[in-house]
Each structure stands twice: as structure tokens, then as C-alpha cells.
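# Tertiary structure, described
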Amino acid sequence: LRTVSLLRNKGFGFRTNTVLTRHSCDNADELALFLRNIAPRIVNLISFNPYENSAWRNKHSNDFQCCYRDQAAPATRIIDILEPAGIWANVRYIPLCFMKGYESHVCNFLQLQHDPYEWEFGASNLLSPQEIDDLVDTAAENCVLGTTRDDKYHYFAMQRIVQHNKTVHACSACSHRLVCDHIYTQYLEEYGDDGYEAYSGETVTDPLVYRRMDTRWKRMKPAQ
């Protein structure tokens, strides 16, 4: 809070990250009012997911972890409180079907590279120019998402990060199956296949289909 106060007094904007755990979700209203008061440019609500290469991938019965349904309801509540104050909230790493009606706020791996405040894949993974060129060529040949070589490269790179994620029966019939990160192994083992709901209609191949409907996530909130 001392740092936040200093930044605001100096005219700097800032963003915040909050992991969606049982503790933060149980105190969603209090958290939202706190965030509204300190007025960050953007709030990132990050679903706790022990991804494949993390130290948590084989840890179960974490008393702070909660299911997507118990994360989504508080997340939408926080969005509703922050939105009138002009503060954008991203919800990261949660299946789209748990955020129906709020999909434009979902920023998973396939949307991440278009977030202007996040790391670019090649830089964050310390790739050499040759490694990037090779990956661009591979993506151009194999990635069905995106229309430009740059977009295909970014989408292909993000797909590799979540390539070990799992699907459930609902995913096979879902029109959004190509633009979803799907389910982390530890999460599926912990909570099973409850709550997933397939989208109907034609197959979606644009990961930004919802983000394009509301582009406020591109703009920074002016410093107060």
C-alpha cells in the first residue's frame, strides 16, 4: 500500500494481480471495494492452476484451491463492481464456458500475446532469433489459428504451453474447442468433469472473438 500510494502521488499508473483461491473468492466484495479504492489501471484475476511444469502439478487437496465454478461467481462479482469505476478486470486461465456472458474478460494463453501489458513469448522464453524463425516456419505450416505469420507463431507457441491440458466429453462437441486452453491435469484429477458446457454453433477459430467485442482491455486507466 505504501508503494501504491507513492505511485499514485507521482502520477504513475499500475496494475494488480490477484490469484483466485478460496480465500480471495470468499472475500470477493471486500477485495473488489479495496481494488476500486486504490484504482489500478487493470486488475488481473488469475485462476490457480498447477500447470504441467509447475511445482504444484502433482499436489492435491490444497485447502486454498477451489473449483472453476467457485472462482467464476466471485470473479464476475468483482468485474461488476469495478466496471462502473472504469477499471478493467481480466480473468486468466479459466475455461470460457465458466465465464458465459463475461467472455470478453477472459485472457487465457491464446489471448495473452495480444495483451499489451504482458510478456512477448520469444522474450520471456529467451529464444534466439534462429529459434524464433524456426518456430515461425513450423507455425505457418501447422497452426490453423490466425491469418498472418506473426499471429500463427504466437498462437502456436501458446498452444505448446497448454498442449498437455485435458478435455472432457463436453469439449468434443464445443464450437470453442480450438480457442480454449482446456483443463489442467491436476485440476481435472481434483475436481472431475463437472460444470463444463459446450458452446453450440460453427467452430470458432479466432481466439479474440470476444475480446474484439470490448477492447477496453487495450486502454490504460489514467492515473488518479
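The structure contained in this document is the topic of the report that follows. (Residues numbered from 1 in each chain as written. Predicted model: local features only at pLDDT ≥ 70, side-chain atom pairs only at ≥ 80, totals over all residues. Heavy atoms only, no water.)

## Some words on the sheet that holds strand β1 (residues 15–20)
- In spatial order, the strands read β1-β2-β3; together these three strands make up an open sheet with parallel pairing. Strands at the two margins of the open sheet, each flanked by one partner only, are β1 and β3 (88–92). Put simply, the sheet's adjacent strands are angled 20° from each other on average, direction ignored.
- With six bridges connecting them, β1 and strand β2 (residues 42–47) associate as parallel partners. Bridging across to β2, R15 finds its partner in I42. (Pairing = 2+ DSSP bridges. Helix = DSSP H or I, 4+ residues; strand = E, 2+ residues; numbered from the N terminus. Axes fitted to C-alpha atoms, helices over the stretch in contact; angles between N-to-C directions.)

## Examining helix α3 (residues 28–38)
- Those residues of α3 not exposed but buried are A28, L31, A32, L35 and I38. Taken end-on, α3 shows its buried residues confined to a sector of 135°, consistent with a single buried face. What points out from α3, more than 90 degrees from its buried face, is the exposed set E30 and N37. (Buried < 20%, exposed > 50% of the residue type's maximum accessible area, 1.4 Å probe, protein only. Arc of directions from axis to C-beta.)

## Some points on unusual backbone geometry
- Within the chain, A39 stands out as a residue other than glycine whose phi angle is a positive 55°.
- Position of A39 relative to the elements: it lies in the loop between α3 and β2.
- Assessed through its relative accessible area of 14%, A39 is described here as buried.
- Here H182, not a glycine, exhibits a phi torsion of approximately 70°, which is positive.
- With respect to the helices, strands and loops of the structure, H182 is situated in the loop between α9 (169–172) and α10 (185–191).

## With respect to helix α7 (residues 129–142)
- Taking 1.5 Å per residue as the helical rise, α7 with its 14 residues ought to reach 20 Å, and the 20 Å between its terminal C-alpha atoms agrees with that figure.
- Three or more residues of α7 are buried, namely L135, V136 and A139. Down the axis of α7, the buried set is contained in an arc of 105°. They therefore lie on one face. (Expected span 1.5 Å × (residues − 1).)

## So, the packing of α7 against helix α8 (residues 149–161)
- It is the contact of α7 with α8, at a shortest axis distance of 8 Å, that shows an interaxial angle of 95°. Compared by their axis directions, α7 and α8 come out roughly perpendicular. Contacts from I132, L135, V136, D137, T138, A139, A140 and N142 in α7 reach R149, K152, Y153, F156, A157 and R160 in α8. (Parallel < 35°, antiparallel > 145°, perpendicular 65-115°, else oblique. Contact = heavy atoms within 4.5 Å.)

## Section: the environment of I81
- Structurally, I81 can be placed in helix α4 (residues 68–82).
- Using a relative accessible area of 11% as the deciding quantity, one classes I81 as buried.
- Separated by 71 residues in sequence, I81 and K10 have C-alpha atoms that sit 26 Å apart.
- Here I81 is in contact with D29, A32, L33 and R36, once residues within four sequence places are set aside.

## Structural notes on the side chain of E103
- Tracing the backbone shows E103 in the loop between β3 and α5 (109–112).
- Put simply, E103 is tucked away with no salt bridge, and the nearest opposite charge, on K100, sits 6.4 Å away.
- A polar side-chain atom of E103 sits 2.8 Å from the main-chain amide nitrogen of G101.
- Those residues in contact with E103, other than ones at most four positions away along the chain, are L96, Y199 and Y210. (Lys, Arg positive; Asp, Glu negative; His and termini not counted. Salt bridge = Lys/Arg side-chain N within 4 Å of Asp/Glu carboxyl O. Polar contact = N/O pair within 3.5 Å; in protein donor to acceptor, adjacent residues only side chain to side chain.)

## Here we look at the pairing of β3
- Of all five residues in β3, five are buried, a share of seventy percent or more.
- Because side chains alternate across β3, one face comprises the buried residues W88, N90 and R92, and the other comprises A89 and V91, equally buried.
- Following the backbone out of β2, through α4 and into the adjacent parallel β3, one traces a crossover that is right-handed. (Right-handed = clockwise from strand over helix to strand, strands pointing away.)

## Quick notes on the pairing of β2
- The element β2 is largely enclosed, with a buried count of six among its six residues.
- Pairing between β2 and β3: five bridges, direction parallel. Across the sheet, the residue bridging to V43 is A89, located in β3.

## Some words on the pattern of salt bridges
- In the structure shown here, the tally under the stated rule is ten salt bridges.
- Linking E118 and R92 is a salt bridge whose minimum nitrogen-to-oxygen distance equals 3.2 Å. Linking E118 in the loop between α5 and α6 (121–124) with R92 in strand β3, this pair joins segments that are 26 residues apart in sequence.
- Its relative accessible area of 28% is what places E118 among the partly exposed residues.
- Given a relative accessible area of 2%, R92 falls into the buried group.
- Note that D206 is salt-bridged to R212, the shortest N-O span being 2.8 Å.
- Judged by its relative accessible area of 24%, D206 falls in the partly exposed class.
- On the basis of relative accessibility, which here comes to 53%, the residue R212 falls in the exposed class.

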